[in-house]
Amino acid sequence: MFETISNFVAAFLTLSIFSFLYKDNPFYKFAEALLVGVSMGYAIPLVYENVFMPYVYTPIFLNHKFIIILPALLGMLYMFRFSKNLGWLSRYPIVFGMAIIGMSIPMSLHSSVLVQMRSAMLPIDNINTALIFIGTVTILLYFFFSKAHKGVYGKVTNVGIWFMMIGFGASFGYTVMARVSLLIGRIQFLLGDWLGLIK
Amino acid sequence: MNKNKNVIKLFDRMQNIDRRYIYIVVALSIIIPLLIPFNSRTYVTKPTEDIYKKIDSFAGDETKAILMSFTHDASTMPELFPMEVSVLRHCFERNIKVFTICWLPAAAPLVDYALNTAKEDFDVQSGVDYCNFGYKPYVLRLPIMLGMGDDISKAVETDSQGRKVENLEIMKNIKNYDDMNLVVDFAGSSSAITWITYARARFGANIAAGVTAVMVADNYPYLQTGQLMGIFRGLKGAAEYEKLVDVFAAYESEDYPNGRPFSKEIIKETRVPITGDTVPYKYKKARIGMNAQSIAHIMMIFFILLGNIGYFITRKKEL
């Protein structure tokens, strides 16, 4: 019974969102506002239960680890974002956030730069490595703006443009695929879970 | 001459067609293949195959486990949910310890939904065969990731039911990434890169990604460098894994009562019918979806060609 009712509600909201394809209307606006409200309403108690209780309340009030008061106070400085005069206080917790980013630099450098470079320096013994080599070099040259893209140099950078266009095409193809998949998911729900037409 | 004029007129009218007619055609190209499913062939690609082989290598091993990390909400469910159910089914079929964790409040019910969907057909127990660490705040992702490299039960103290992780039976022989040796991150973003940066670069954990198709291109460089040992690519990746589980993990015969080992020849030769009742709907959802995906793609290619022909013909007229 509960499943039937929840499926009806979900189907109504799905169709309300789809109705935007015809034109903007109150059903669409209602479903959109409901989504935002429900997401926030759902997240607040969950975060309270999973963050505030185990990481602030329990250690301070039950386990008497009073040192936790310091980071809790620091976190509360974020609230001053809403004040015009004391907004600068919110920068202090941001500074700590930046420190974490600093910590990630050496490891990010390893995985996103060094390992990538090592893989781009393989012996050119097949068509794939040859393509990777030509693509990497020509695209890097394209982004070298201290020299005018003219003559032979311009022709080489043009090859880089072709590589990038193919890359964008592949990305766009995947994007279309993803969007169609989402539509398939919703139609599977409407036809299968709601109407029971897919077995 | 008149004929040419008529063709130009037709293309002129088509270029100004109300886009809502195109929406109807797109909808029909998806609805019809879903209502009338057909047995299309699912080709399994290497990145999916590699994940299957890695997970399967843990079969029946008490000292190994996998971690499924959910970093998405319901908006990417059509692509990611079939992957998650297939991986869980694989683990339950082959007696592989599996942990789940999520980083977004909206992902918590999705983990439960995936576990409940997959465990219906198996005699598995929470805390023994699988363990859901539950929702952990995204801000704690970094300390948890790094902490798991030393001691999982210290990094994640309690599971979703509030039980102490260190007391759970599943934790026997499982201490850190040496034992929980594969992390599969399901996301509609590049969040697998965070696992690569912290869990792989520092502790040598194997990382795989299940991503929406739109994020595949971003993750490819990491696959090419071997930092990702495999990748599920959108709905196609989910369909491939569904097939692999059907053909190997869920296979039963006298010789192989609990599934059979992976073989390239078998997967090439075997076609699993998705019409009929041989496979439950929940385990072939991605493959049925791929039927619709294929038709929608053909239709789009047709429209792109038609649009370009129309563009060149009308441009010629203007010249």
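On a predicted model such as this, the values are computed, not experimentally measured, just so you know.

A.B. asks: I'd like a description of the overall build of chain A, backed by residues and values.
C.D. replies: Along the backbone of chain A there are 6 helices and 0 strands. Taken over C-alpha atoms, the radius of gyration comes to 27 Å for chain A, far larger than the 16 Å a tight globule of 199 residues would show. Here the C-alpha coordinates of chain A stretch approximately 65 × 60 × 40 Å along the principal axes. The buried share of chain A, taken over its 199 residues, is 22%. For chain A, restricting intrachain contacts to residue pairs at least 6 apart in sequence, the fraction spanning at least 24 positions comes to 27%. In chain A, 13 positive and 6 negative side-chain charges are present, and the distance between their average locations comes to 18 Å.

A.B. asks: Could you give me a rundown of the pattern of salt bridges, with the residues and numbers involved?
C.D. replies: Residues and elements named next belong to chain B. Inspection of the entire model under this criterion finds 15 salt bridges over all chains. In this structure, D151 and K175 form a salt bridge, with 3.0 Å as the shortest nitrogen-oxygen distance. In this pair, D151 sits in the loop between α6 (141-148) and α7 (152-155) while K175 sits in the loop between α7 and β4 (182-187), placing the two residues 24 residues apart along the sequence. Judged by relative accessible area, which is 43%, K175 ranks as partly exposed. Via salt bridges that share partners, R89, E242, D246 and R287 belong to a single interconnected network.

A.B. asks: Outline the interface of chain A and chain B, supporting the account with residue identities and numerical values.
C.D. replies: Often, the extent of an interface is quoted as the loss of accessible area upon association of its parts. At the junction of the two partners, chain A supplies 41 residues and chain B supplies 48 residues. In this assembly, chain A packs against chain B so that about 3900 Å² is buried in total across both faces, 70% of it on carbon and sulfur atoms. Along the contact surface separating chain A from chain B lie 0 salt bridges. Our count for the contact surface shared by chain A and chain B stands at 6 residue pairs in polar contact (both at pLDDT 80 or more). Breaking the side of chain A that touches chain B down by element, the ones donating at least two residues are α2 (26-62), α4 (91-120) and α6 (151-194) of chain A. Top element by residues in the side of chain A that touches chain B is α6 of chain A. It accounts for 17 residues. Taken together, the residues of the side of chain A that touches chain B sort by class into 25 nonpolar, 13 polar and 3 charged.

A.B. asks: Explain the pairing of strand β6 (residues 230-233) of chain B to me, using residue names and the numbers behind them.
C.D. replies: All names here are of chain B. Because side chains alternate across β6, one face comprises the buried residues G230 and F232, and the other comprises I231 and R233, equally buried. Of the strand pairs in this sheet, strand β5 (residues 206-211) and β6 are connected by 4 bridges, and their pairing is parallel. Note that in β6 the partner of V211 across the bridge is R233. Regarding topology, helix α9 (residues 216-224) serves as the crossover connection from β5 to the parallel β6, and that connection is right-handed.

A.B. asks: Explain the state of the cysteines to me, using residue names and the numbers behind them.
C.D. replies: Counted by the stated rule, this structure contains 0 disulfides over all chains. In this structure C91 of chain B is not part of a disulfide, and its nearest cysteine sulfur, from C131 of chain B, lies 13 Å away.

A.B. asks: How would you summarise the domain arrangement of chain B if you had to cite specific residues and measurements?
C.D. replies: You can read the domains of chain B as domain 1 (2-39 + 289-318) and domain 2 (46-270). Computed over C-alpha atoms, the centres of domain 1 of chain B and domain 2 of chain B are 40 Å apart.

A.B. asks: Give a detailed account of the packing of aromatic side chains, specifying residues and quantitative values.
C.D. replies: All names here are of chain B. The final tally for this structure, using the stated rule, is 24 aromatic pairs over all chains. Plain terms: the ring middles of Y52 and F248 are 6.0 Å apart, the flat faces sit at 45 degrees to each other, and that makes the pair tilted. Here the residue Y52 occupies a position in helix α3 (residues 46-56), and F248 occupies one in helix α10 (residues 234-249), the gap between them amounting to 196 residues. Ring pairing ties together the aromatic residues Y52, F70, F186, F232, Y241, F248 and F262, which thus form one cluster. Directly above the ring of Y283 sits R89, whose terminal nitrogen or CZ lies 4.0 Å from the centroid. If you follow R260 out to its NZ or CZ, it ends over the ring of Y251, 3.6 Å from the centre.

Cut-offs applied
- Residues numbered from 1 in each chain as written.
- Chains lettered and ligands numbered in written order.
- Predicted model: local features only at pLDDT ≥ 70, side-chain atom pairs only at ≥ 80, totals over all residues.
- Heavy atoms only, no water.
- Helix = DSSP H or I, 4+ residues; strand = E, 2+ residues; numbered from the N terminus.
- Rg over C-alpha atoms; globule rule 2.2 N^0.38 Å.
- Buried < 20%, exposed > 50% of the residue type's maximum accessible area, 1.4 Å probe, protein only.
- Contact = heavy atoms within 4.5 Å.
- Lys, Arg positive; Asp, Glu negative; His and termini not counted.
- Charge placed at Lys NZ, Arg CZ, Asp CG, Glu CD.
- Salt bridge = Lys/Arg side-chain N within 4 Å of Asp/Glu carboxyl O.
- Buried area = accessible area lost by both parts, 1.4 Å probe.
- Polar contact = N/O pair within 3.5 Å; in protein donor to acceptor, adjacent residues only side chain to side chain.
- Nonpolar A, V, L, I, M, F, W, Y, C, P; charged D, E, K, R; others polar.
- Pairing = 2+ DSSP bridges.
- Right-handed = clockwise from strand over helix to strand, strands pointing away.
- Disulfide = S-S within 2.5 Å.
- Domains from an automatic or database assignment.
- Phe/Tyr/Trp six-rings, centres within 6.5 Å; stacked < 30°, edge-to-face > 60°.
- Lys NZ or Arg CZ within 6 Å of the ring centre and 35° of its normal.

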